Amino acid sequence: MNLKPLGDRVIVKQDETVEKTSSGLYLAGDSKEKPQTGTVVAVGPGKMDKEGKNLPMPVKEGDRVVYSKYGGNEIMCDDGEVLIVRADDIYAIIG
């Protein structure tokens, strides 16, 4: 990947959308909801505090995370579509 996030930004590879419900019904293309989970691909250096020191990032590469439904920007890169979100838009680390 040739993207490097700046500040407190995180690049997340979204999980695949669910094509079938738990009862076995297949969903139409426009009724599928985008997942709110994914894997962290890259992490920026972090926010700076008032003294100019970088605050540590709460996630690292490889973490599986849950993020805000409406947060971030989707972009296309070499590895497919990724999402760039702020660290504040990440709600939890999975497992």
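Computed from a predicted structure; not experimentally measured.

Enquirer: Any chance you could explain the overall build of the protein here in plain terms?
Expert: Of regular secondary structure, the protein possesses zero helices and six strands. Each helix (α) and strand (β) of the protein, taken in turn from the N terminus, gives the series β-β-β-β-β-β. Looking at the 95 residues of the protein, the share that counts as buried comes to 28%. Taking the intrachain contacts of the protein between residues at least 6 apart in sequence as the baseline, contacts between residues at least 24 apart amount to 62%. A total accessible area of about 6,500 Å² is found for the protein, and carbon and sulfur atoms account for 52% of it.

Enquirer: Which parts of the structure should I look at to understand the side chain of Asp-8?
Expert: Note that Asp-8 resides in the segment before β1 (9-14). For Asp-8, a relative accessible area of 5% translates into the label buried. Setting aside its immediate chain neighbours within four residues, Asp-8 contacts Gly-46, Lys-47, Met-57, Val-85, Arg-86, Ala-87 and Asp-88.

Enquirer: How should I be thinking about the pairing of strand β5 (residues 80-86) in this particular structure?
Expert: Side-chain positions along a regular strand alternate between the two faces of the sheet. With four bridges connecting them, β1 and β5 associate as antiparallel partners. Each residue of the ladder has a partner; that of Val-10, found in β5, is Val-85. Examined bridge by bridge, strand β4 (residues 73-77) and β5 share five bridges and lie antiparallel to one another. In the sheet register, Ile-75 faces β5, and the bridge partner there is Val-82. Where β4 hands over to β5, the hairpin turn is made up of two residues, counted between the paired strands.

Enquirer: Would you explain the nonpolar core in this entry?
Expert: Inside soluble globular proteins, nonpolar side chains tend to come together where they are buried. Counting residues in hydrophobic clusters, the biggest one holds twelve residues: Val-10, Val-12, Val-40, Val-43, Met-57, Val-59, Val-65, Tyr-67, Leu-83, Val-85, Ala-87 and Ile-90. Those elements that place two or more of their residues in this core are β1, β2 (37-43), β3 (64-67) and β5. For Val-59, the contacting residues outside a window of four places in its chain are Val-10, Val-40, Val-43, Val-65, Ile-90 and Ile-93.

Enquirer: Would you explain the pattern of salt bridges in this entry?
Expert: Two side chains with opposite charge may pair up if their charged atoms get near one another. On inspection of all chains with the given rule, the structure shows five salt bridges. When the shortest N-O distance is used, the salt bridge between Arg-86 and Asp-8 registers 3.0 Å. Of this pair, Arg-86 sits in strand β5 while Asp-8 sits in the segment before β1, and the two are 78 residues apart along the sequence. The closest approach of N and O atoms between Asp-88 and Lys-47, which form a salt bridge, is 3.3 Å. Remark: Lys-47 occurs in the loop between β2 and β3 and Asp-88 occurs in the loop between β5 and β6 (90-94); sequence separation between them is 41 residues. Asp-88 gets classed as exposed once you look at its relative accessible area, which sits at 53%. Residue Lys-47 is classed as partly exposed on the basis of its relative accessible area of 38%. Via salt bridges that share partners, Asp-8, Arg-9 and Arg-86 belong to a single interconnected network.

Basis of the calculations
Residues numbered from 1 in each chain as written. Predicted model: local features only at pLDDT ≥ 70, side-chain atom pairs only at ≥ 80, totals over all residues. Heavy atoms only, no water. Helix = DSSP H or I, 4+ residues; strand = E, 2+ residues; numbered from the N terminus. Buried < 20%, exposed > 50% of the residue type's maximum accessible area, 1.4 Å probe, protein only. Contact = heavy atoms within 4.5 Å. Areas by Shrake-Rupley, 256 points an atom, 1.4 Å probe, with all protein chains shown as cover. Pairing = 2+ DSSP bridges. Core = buried A, V, L, I, M, F, W, Y, C linked by side-chain atoms within 4.5 Å. Salt bridge = Lys/Arg side-chain N within 4 Å of Asp/Glu carboxyl O.

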